[in-house]
Amino acid sequence: MPTLARALTIALIAVTALPPVASAQVVGDRIPAPALPCGQVLAAVNQRGATLVSTGPYTYERLVRDIGFCTIEQTTEPYYGPSANAGQCFLGYRCKDRMTEGRRSN
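In this numbering scheme, every chain counts its residues from 1 along its sequence in written order. Reporting in this predicted model follows two pLDDT cut-offs: at least 70 for local features of residues, and 80 or more for side-chain atom pairs to be given and counted; totals over whole chains, interfaces and linings ignore these cut-offs and use all residues. Derived side-chain values reflect all non-hydrogen atoms in the structure, with water molecules and hydrogen atoms excluded from consideration.

**Considerations on the overall build of the protein**
No. 1: Secondary structure follows DSSP: runs of H or I at least 4 residues long count as helices, runs of E at least 2 residues long count as strands, and numbering of each begins at the N terminus. Scanning the protein from N- to C-terminus turns up two helices and five strands.
No. 2: Taken from the N to the C terminus, the helices and strands of the protein come in the order α-β-α-β-β-β-β.
No. 3: Using a 1.4 Å probe on the protein chains alone, a residue whose accessible area is under 20% of its type maximum counts as buried, one over 50% counts as exposed, and one in between counts as partly exposed. For the protein, the residues scored as buried account for 25% of the 106 residues in total.
No. 4: It only takes one pair of heavy atoms within 4.5 Å for two residues to be counted as in contact. A fraction of 33% describes how many contacts in the protein between residues 6 or more apart in sequence connect residues 24 or more apart.
No. 5: Accessible areas in this description were obtained via Shrake-Rupley with a 1.4 Å probe; residue shielding takes into account the shown protein chains only. Per element, the accessible surface of the protein, about 7,200 Å² overall, is 59% carbon and sulfur.

**Concerning the nonpolar core**
No. 1: Membership of the largest hydrophobic core is limited to twelve residues, which are Ile 31, Ala 33, Leu 36, Cys 38, Val 41, Ala 44, Val 45, Val 53, Leu 63, Tyr 79, Cys 89 and Leu 91.
No. 2: Elements supplying a minimum of two residues to this core: α2 (38-48) and β5 (89-97).
No. 3: Considering each element in turn, this core owes the most residues, four residues, to α2. In this text, buried Ala, Val, Leu, Ile, Met, Phe, Trp, Tyr and Cys residues form a nonpolar core when linked through side-chain atoms within 4.5 Å.

**Some words on the state of the cysteines**
Two cysteines joined by a covalent bond between their sulfur atoms form a disulfide.
No. 1: The rule for a disulfide is simple: a pair of cysteine sulfur atoms within 2.5 Å. For the structure on display, the rule yields two disulfides.
No. 2: Covalently, Cys 38 is tied to Cys 89 through a disulfide, its sulfur atoms 2.2 Å apart. Negative torsions about the S-S bond denote left-handed disulfides, and the value of about 120° found for Cys 38 with Cys 89 makes this one right-handed. On the criterion of sequence distance, the pair formed by Cys 38 in helix α2 and Cys 89 in strand β5 is long-range, its members being 51 residues apart. Residue Cys 38 shares its accessibility class with Cys 89, and that shared class is buried.
No. 3: Disulfides within the protein link the bonded cysteines, taken in sequence order, as 1-3, 2-4.

**Some details on the confidence of the model for the protein**
No. 1: Averaged over the protein, the pLDDT score is 80; the fraction of residues at 70 or greater is 68%.
No. 2: pLDDT expresses, on a scale from 0 to 100, how confident the predictor is about each individual residue. Strand β3 (residues 60-64) holds the highest mean pLDDT among the elements of the protein, 97, whereas helix α1 (residues 2-16) holds the lowest, 50.

Here is the structure:
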C-alpha cells in the first residue's frame, strides 16, 4: 500500500502544479484566445509547444512554439490573432506547407 499512497501523492502534486491556463480557463484542449490576455495565450502556446487556440466561436488555429512542432514539409509563419486586451497580437506560429510558400492564388 505505501506504493499506492506514494503514487497518489505524486499525482496530486502534479495536478496542483499545473498553471492556471491549463486548468480552469481552457475549454477542452483549446485555449480561448479572445477571453485571455495576449501574453497568457502566448505563454500557454510556448509551454505546450503545440496547441489548438480558439480564435472565435467557431474558429480555431493550431499554433506552435517553433518549427520543431511542424512536419518536415512545413515551415512556420507568425500568427496574429484576437485576445482580451488586443484586437490582433502575436500568439505564436502556424505551420505552413513549404511547397505553397510564396505562391499567390488568382
